[in-house]
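Here is how the chains run, residue by residue.
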Amino acid sequence: MPAVSEVGLPAAWEDDFQYRPTNHHYCYGLIRLFLELVLRAATSLGAASEAMKVMRPFVSWCGAMPTADCGQLWIMRIGLYEVTRPKEFTDDRVWIVDHTVQIGTTKCLLSVSVRLSWWRERRGPLAHQDLEVLALDPVEKSDGQIVHKQLEETAAAVGVPRAIVSDHGSDIKRGIEAFQVDHPETKGLYDIAHKLAILVKQELESDGVWAEYLKHIGQAKQCLQQTSLAFLTPSTPRNKARYMNLEKLVSWGTRTLAYLD
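Overview of the structure. (Residues numbered from 1 in each chain as written. Predicted model: local features only at pLDDT ≥ 70, side-chain atom pairs only at ≥ 80, totals over all residues. Heavy atoms only, no water.)

Let's shift gears to the pattern of salt bridges. With the rule as written, the count across this model stands at nine salt bridges. For Arg 40, the salt bridge identified is with Glu 36, shortest N-O distance 3.3 Å. Placement of the pair is Arg 40 and Glu 36 together in helix H1 (residues 28–40), with a separation of four residues, close to one helical turn. Of the charged contacts, one joins Arg 115 and Asp 92 as a salt bridge, the two residues approaching to 2.5 Å between their closest N and O atoms. Here the residue Arg 115 occupies a position in strand E2 (residues 107–115), and Asp 92 occupies one in the loop between helix H3 (68–84) and strand E1 (93–99), the gap between them amounting to 23 residues. (Salt bridge = Lys/Arg side-chain N within 4 Å of Asp/Glu carboxyl O. Helix = DSSP H or I, 4+ residues; strand = E, 2+ residues; numbered from the N terminus.)

In structure tokens:
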């Protein structure tokens, strides 16, 4: 095997390509590359695997490249570690809770958090890597009582939060309200995206101009989609979370007016 420095890899990565975890086929370097592609570059599992094959001539001594299934197992192991590892017990967290999309009969209540002491120093928008996973609780049925029980279990493990941010879905809202009875120091906060969507909905649903605009969008879609002006065809308004996804509808009107001008 050639010296790693001969192929120009960063010095910090040299040991990664010379050693591999016990009972693993791939070296630390290949594992790290795959994870960087998926977690930092937002590459799909399949695309990450294909990209690794493109890189193979530059790290030929490493042998075969990992498959998408292999990479998925690495990511699942990291996720399992993040969920189950011990968390510091503290009282300066803000939780963000929401239900995952239901698959089959099961959905999960996901609770993540950020430390206020850390965020006050950083003072910027949060990214995924800034959040700490506190709990991932699968259930087949959820109501306010079940959510309350889940929140209490998480608080017993990591401490009572300063605030809980949610989309105010009915069962989550009732669960937070029940939690606040025993923990009045905890604030229940609306997440900004859903709160703004509700305000926009209240503003637009009573606006006759907006209703007329939506009517014209529907008519334009039917008239344009099989013509030479098909590139002006508007997007179909979403049935779910419509008022959180108005950008495309408004942008269509702006672009169409610019074209007509």
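Attention now moves to the layout of surface pockets. What the largest pocket holds in volume is close to 690 Å³. Forming the boundary of the largest pocket are Leu 39, Arg 40, Ile 75, Ile 78, Gly 79, Glu 82, Leu 110, Val 112, His 128, Gln 129, Leu 131 and Val 133. Put simply, the parts of the chain that give the lining of the largest pocket at least two residues each are H1, H3 and E2. In terms of residue count, H3 provides more of the lining of the largest pocket than any other element does, four residues in total. Residue composition of the lining of the largest pocket, grouped by class: seven nonpolar, three polar and two charged. (1 Å grid on protein atoms, 1.4 Å probe; cavity = no way out; pocket = protein on both sides within 12 Å on 5 of 7 lines; lining within 4 Å. Points joined across faces, edges and corners; volume = space filled by probe spheres on them. Nonpolar A, V, L, I, M, F, W, Y, C, P; charged D, E, K, R; others polar.)

Further remarks concern the pairing of E1. Among the seven residues in E1, five count as buried, and that is most of the element. Judged from the seven bridges that link them, E1 and E2 form a sheet pairing that is antiparallel. Opposite Asp 98, over in E2, you have Leu 110 as the bridge partner. Judged from the three bridges that link them, E1 and strand E4 (residues 163–166) form a sheet pairing that is parallel. Its bridge partner being in E4, Trp 95 is matched across the sheet by Ile 164. (Buried < 20%, exposed > 50% of the residue type's maximum accessible area, 1.4 Å probe, protein only. Pairing = 2+ DSSP bridges.)

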